[in-house]
Amino acid sequence: MSAVGQAPVRLDGPDKVTGRARYAVEHPIDGPLHGWLVQARVAVGAVTGVDRQSALAVPGVLYVLDAGNAPALAATDDSELLVLQSTRISYRGQVVAMVLADTLEAAREGARSLRVTYDEQPHDVLLTREHPKLYAPEKVNPAFPTDTAGGDLDAAMAAAAHVVDVEYDTPAHFNNPMEPHATTAQWDGDRLTVHDSTQGTTAVKKHLASAFGVPEHGVRVLAAHVGGGFGAKGSPRPNVVLAAMAARVTGRAVKLALTRQQQFALVGYRTPTLQRVRLGADADGRLTALAHEAYEQTSTVFEFAEQTTEGTRHLYDAGAKFTTHRLAALDVPTPRWMRAPGEAPGIFALESAMDELAAAAGINPVELRIRNDTQHDPETGAPFSSRHLVQCLRRGAERFGWDSRDPRPAVRRDGRWLVGTGVACATYPVYQAPSSARARRCHDGTFEIGINATDIGTGARTVLWQIAADALGVDPARVRVDIADSDLPAASGAGGSSGTSSWGSAVHKACRTLCDGTAAEVVVDTADDIAAQSEVSRHAFGAQFAEARVDLDSGEVRVPRMLGVFAVGRIINPRTARSQLLGGMVMGLSMALHESGTLDIGYGDYANSNLSDYHVATHADVVDVQAEWVEEHDDQLNAIGTKGIGEIGIVGSPAAVLNAVWHATGVRVRELPITPDRLLGGLPERQDVL
């Protein structure tokens, strides 16, 4: 029986629940030093002095690294990684020093005791739609056009039977994986060995070799177990450079783990967005005009432009289309990837606007989306390799009981609760990156697979094991998979929902090549296979439904049930797939109701940089969340027919929740999160209900 499609438990499960799994700073090592970072206490300016003796006086503190004594690093495209190379301060929380001690406690006390003086300058941290620094970047992440346009938008809007012109705002969102960014680094002569919490050890290896001027074969990076990433670990971060730097300076192994508070400044976050969506439709609700504008922030250190309107370009067609991105370089940390960057905030705005259009046109929100389905990519004109969005909408509506829904808002009550339901679509592109893999036939009849892929908690190790067993045509018990070691054949990083497609294709090719030949070992790569792919548009799709209950007295929002139905290609492991989809939906629920960076303009930073004040969804918020998928066979994707499932779950759920809140209350909230203060003024009278 084929291993693919089965639902075995995760290979790493027993090690994780028993504590045998070692994370980045848990690997045993003799006599390590422990590092603790000191962060800038001003938003803009310069360090004028570092009194190292104030920290060295603490028992156990052995060394203080700062811009005055740190070794030089080679130039890099990512200026955030040029740590301790200048006294210039570009944002509050930037690293200004690192204290090293025999114990973690001594390092922390030394960092607290270190006296740093600054020349503070005025800062600019507030993003607005009229900010004078706004500009058009050359491209948006990763290489999409900044602006697109087609047709006469003004004429189409003027002629439309139904028009929506609305603005939506989303706040800064912060990645907080269970395992913070952490590194253990040790030099042996010019040989550097690093255990890093990363989504891709190949990229870390390349950067460290370049930064420290050593050959790549002299650097080994391992990430056997990673406690989550959500995009924040998608590229090397300052912690790995600092740990390697400190280990080289002191001649001892160094362990460095960021604190939860430090995560908020040093590893990236989702940029706040200010968006405007304009929709024009004919009398039947079919779109004739679509415009989506996004305003975002980046830092003065490194440009990151999120592709906020990119998803809009592919979800619905319209005769006239217009999308733009504008960016302001502010005195803030650099935004980075966060689960479904671009699509998560962008589709939230689009699908909220689609709900407003449905209400304006008097059309069922599910039916409106079905009427605007298309089998050709609106951006490129190419056919979709597969697009089963309508099936997702219809299946979800059936399961959710949508047909019994009264379309009028604020009419359904259950005691003191107003009750409503909402729907939203989701899409995410299918990515596949070139990767290499090794397959080896052993004398005892077993097989060894090696690929430098990283399992960040998604179950990648297990899925690759299933793909290998299936391609070899053997019992999975005869297969061993080695991953997350930069000495293994190079593979792409874990990101863009591309892991299974990229790594699985390489593993499948290696195993089939081994079976077709007589060699005991083969190493293959997939670069040529990707270059020969046909010109079709490859996307995953989904429909998400939510029920919201709003308390008439307090404005509290509860979401008792959510359902997502997805068209995401071939499912390798239903157990891990469902977990990924549910996790994304819960993260979207958290985005809708809780998560928000609260900017203190005078302070020049986000005031709630901790998990006491930065709220995320907890068990009490997650009641009945279900995910399923429609069967989808698409032979124009890759060798294994997969699309990617890690991010699409988050894309539609915030809008589904917001639309459900409107249906429950009649109050249109256009700024996330949906907090009680944004509802209370518009709620209907209680009328003495109990």
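Described below are features of the structure shown in this document.

The rules behind these values
Residues numbered from 1 in each chain as written. Predicted model: local features only at pLDDT ≥ 70, side-chain atom pairs only at ≥ 80, totals over all residues. Heavy atoms only, no water. Helix = DSSP H or I, 4+ residues; strand = E, 2+ residues; numbered from the N terminus. Expected span 1.5 Å × (residues − 1). Buried < 20%, exposed > 50% of the residue type's maximum accessible area, 1.4 Å probe, protein only. Contact = heavy atoms within 4.5 Å. Phe/Tyr/Trp six-rings, centres within 6.5 Å; stacked < 30°, edge-to-face > 60°. Lys NZ or Arg CZ within 6 Å of the ring centre and 35° of its normal. Core = buried A, V, L, I, M, F, W, Y, C linked by side-chain atoms within 4.5 Å. Pairing = 2+ DSSP bridges. Axes fitted to C-alpha atoms, helices over the stretch in contact; angles between N-to-C directions. Parallel < 35°, antiparallel > 145°, perpendicular 65-115°, else oblique. Left-handed = near helix turned anticlockwise from the far one by under 90°. Nonpolar A, V, L, I, M, F, W, Y, C, P; charged D, E, K, R; others polar. Right-handed = clockwise from strand over helix to strand, strands pointing away. Salt bridge = Lys/Arg side-chain N within 4 Å of Asp/Glu carboxyl O. Disulfide = S-S within 2.5 Å.

Thoughts on the environment of Ala519
Structurally, Ala519 can be placed in the loop between helix H13 (499–516) and strand S23 (521–525). Between the C-alpha atom of Ala519 and that of Arg440, which follows or precedes it by 79 residues, the distance is 8.6 Å.

Overview of helix H12 (residues 460–472)
Taking 1.5 Å of rise per residue, the 13 residues of H12 would be expected to cover 18 Å, and the 18 Å separating its terminal C-alpha atoms lies within 8% of that figure. Of all the 13 residues making up H12, twelve are buried; the element is thus mostly covered by neighbouring parts of the structure. Every buried residue of H12 is listed here: Ala460, Arg461, Thr462, Val463, Leu464, Trp465, Gln466, Ile467, Ala468, Ala469, Ala471 and Leu472. The elements touched by buried residues of H12 are strand S21 (447–451), strand S22 (479–483), H13 and helix H15 (574–593). Within two residues after H12, Gly473 carries a phi angle of roughly 70 degrees, on the positive side.

Quick look at the packing of aromatic side chains
The way to describe two aromatic rings as a pair is by their centre distance and the angle between their planes. This model, assessed by the stated rule, comprises 13 aromatic pairs. Between the aromatic rings of Phe174 and Phe264, the centroid separation amounts to 4.9 Å while the plane-to-plane angle is 40 degrees, which identifies the pairing as tilted. A residue pair is termed long-range when its members are at least 10 positions apart, and Phe174 in strand S9 (residues 173–174) and Phe264 in helix H7 (residues 260–266) qualify at 90 residues. The burial state of Phe174 is the same as that of Phe264; both residues are buried. Across the ring face of Tyr603, the terminal group of Arg92 is positioned such that the distance to the ring centre comes to 3.9 Å.

Thoughts on the nonpolar core
If you look at the biggest cluster of nonpolar residues, it comprises 87 residues, and the most contacted ones within it are Leu279, Phe545, Val657, Ile674 and Leu679. Per-element accounting of this core gives the leading share, ten residues, to helix H9 (residues 343–361). Filtering out sequence-adjacent residues up to four positions away, Leu279 remains in contact with Met157, His162, Val163, Val164, Leu287, Ala289, Leu290, Leu350, Ala353, Met354 and Leu357. One finds Leu192, Phe212, Val240 and Leu256 within the second-largest nonpolar core, a separate group that totals 39 residues.

Some details on helix H6 (residues 238–250)
Since one α-helical turn is 3.6 residues long, residues separated by three or four positions face the same way. A rise of 1.5 Å per residue sets the reference length of H6, with its 13 residues, at 18 Å; its end C-alpha atoms lie 18 Å apart and thus fit the reference within 8%. Those residues of H6 lying buried are Pro238, Asn239, Val240, Val241, Leu242, Ala243, Ala244, Met245, Ala246 and Ala247. With its phi angle positive at about 75 degrees, Gly251 sits one or two positions after the end of H6.

What about the sheet that holds strand S19 (residues 417–429)?
Pairing in this open sheet of five strands is mixed, and the strands run S18-S19-S24-S25-S28 from one edge to the other. Of all strands in the sheet, those with a lone pairing partner are strand S18 (413–414) and strand S28 (624–629), marking the two edges. Contacting S19, strand S24 (539–551), strand S25 (557–567) and S28, helix H11 (residues 389–400) runs over the sheet at an angle of about 30 degrees to S24.

Some words on the packing of H12 against H13
For any two helices packed against each other, the geometry comes down to the angle between their axes and how far apart the axes lie. Orientation of H12 relative to H13, taken along the N-to-C sense of each, is 30 degrees, at an axis distance of 8 Å. One finds that H12 runs roughly parallel with respect to H13. H13 is crossed by H12, and the crossing has right-handed handedness. Facing Ala460, Val463, Leu464, Ile467, Ala468, Ala471 and Leu472 of H12, the residues of H13 in contact are Thr500, Trp503, Gly504, Val507, His508, Cys511, Arg512, Leu514 and Cys515. Broken down by class, the residue content of the contact of H12 with H13 amounts to twelve nonpolar, three polar and one charged.

Here's the deal with the side chain of Ser235
Note that Ser235 resides in the loop between strand S12 (219–222) and H6. Look past the residues within four positions of Ser235 in its chain and what remains in contact with it is Arg336 and Trp337.

Some words on the pairing of strand S11 (residues 191–196)
Across a regular strand the side chains alternate sides, sitting on one face of the sheet and then on the other. Here six bridges tie strand S10 (residues 182–188) to S11, and the two strands are oriented antiparallel to one another. Its bridge partner lying in S11, Thr184 is registered against His195. Hairpin connection of S10 to S11: two residues between the antiparallel strands, including Gly189 at a positive phi of 70 degrees. Note: S11 against S12, four bridges, orientation parallel. Residue pairing for S12: Thr193 is matched across the bridge by Arg220. After leaving S11, the chain enters helix H5 (residues 201–212) and then returns to the sheet as S12, a path that is right-handed.

Side note on the packing of H15 against helix H17 (residues 653–665)
Contact geometry for H15 and H17: axes closest at 7 Å, N-to-C directions at 50 degrees. Between H15 and H17, the crossing angle belongs to the class labelled oblique. In this structure, H15 meets H17 at a crossing whose hand is right-handed. Contact residues: H15 offers Gly584, Met585, Gly588, Leu589, Met591, Ala592 and Leu593, while H17 offers Ser653, Pro654 and Val657. Split into classes, the residues belonging to the contact of H15 with H17 amount to seven nonpolar, three polar and no charged.

A closer look at the sheet that holds strand S2 (residues 45–51)
Through backbone hydrogen bonds, the strands of a sheet pair up, either in parallel or in antiparallel fashion. Spatially, three strands are ordered S4-S2-S6 in an open sheet, and the strand pairing comes out antiparallel. Of all strands in the sheet, those with a lone pairing partner are strand S4 (88–89) and strand S6 (115–120), marking the two edges. Inspection of the sheet shows S2 paired to S6 by six bridges, in the antiparallel sense. Note on S6: the bridge partner recorded for Gly49 is Thr117.

Quick word on the pattern of salt bridges
As enumerated under the stated definition, the model contains 49 salt bridges in all. When the shortest N-O distance is used, the salt bridge between Asp51 and Arg115 registers 2.7 Å. Residue Asp51 is found in strand S2, and its partner Arg115 is found in strand S6; the two are separated by 64 residues along the sequence. Residue classification places Asp51 among the partly exposed residues on the basis of a relative accessible area of 27%. The class of Arg115 is exposed, set by a relative accessible area of 53%. Linked by salt bridges that have partners in common, Arg10, Asp12, Lys16, Asp455 and Arg461 make up one network.

Examining unusual backbone geometry
The step from Asn141 to Pro142 runs through a cis peptide bond, and the omega angle for that step is -10 degrees. Along the chain, the position of Pro142 falls in the loop between S6 and strand S7 (148–150). Following Leu672, the chain continues to Pro673 via a peptide bond in cis, the omega torsion being -5 degrees. Mapped onto the elements, Pro673 comes out in the segment after H17. A positive phi angle is found at Ala340, which is not glycine, with a value near 60 degrees. Mapped onto the elements, Ala340 comes out in the loop between strand S17 (320–330) and H9. Owing to a relative accessible area of 0%, Ala340 belongs among the buried residues under this scheme.

Concerning the state of the cysteines
Taken as a whole, this structure holds zero disulfides when the rule is applied. There is no disulfide at Cys392, and the cysteine sulfur nearest it, in Cys425, is 8.6 Å away.

Some points on the pairing of S22
Here S22 shows a clear split, with Val479, Val481 and Ile483 buried on one side and none of Arg480 and Asp482 buried on the other. In the sheet, S21 pairs with S22 via five bridges, with the strands oriented parallel. Paired with Gly450 across the strands is Asp482, a residue of S22. Read from S21 through H12 to S22, the crossover connection turns out right-handed.

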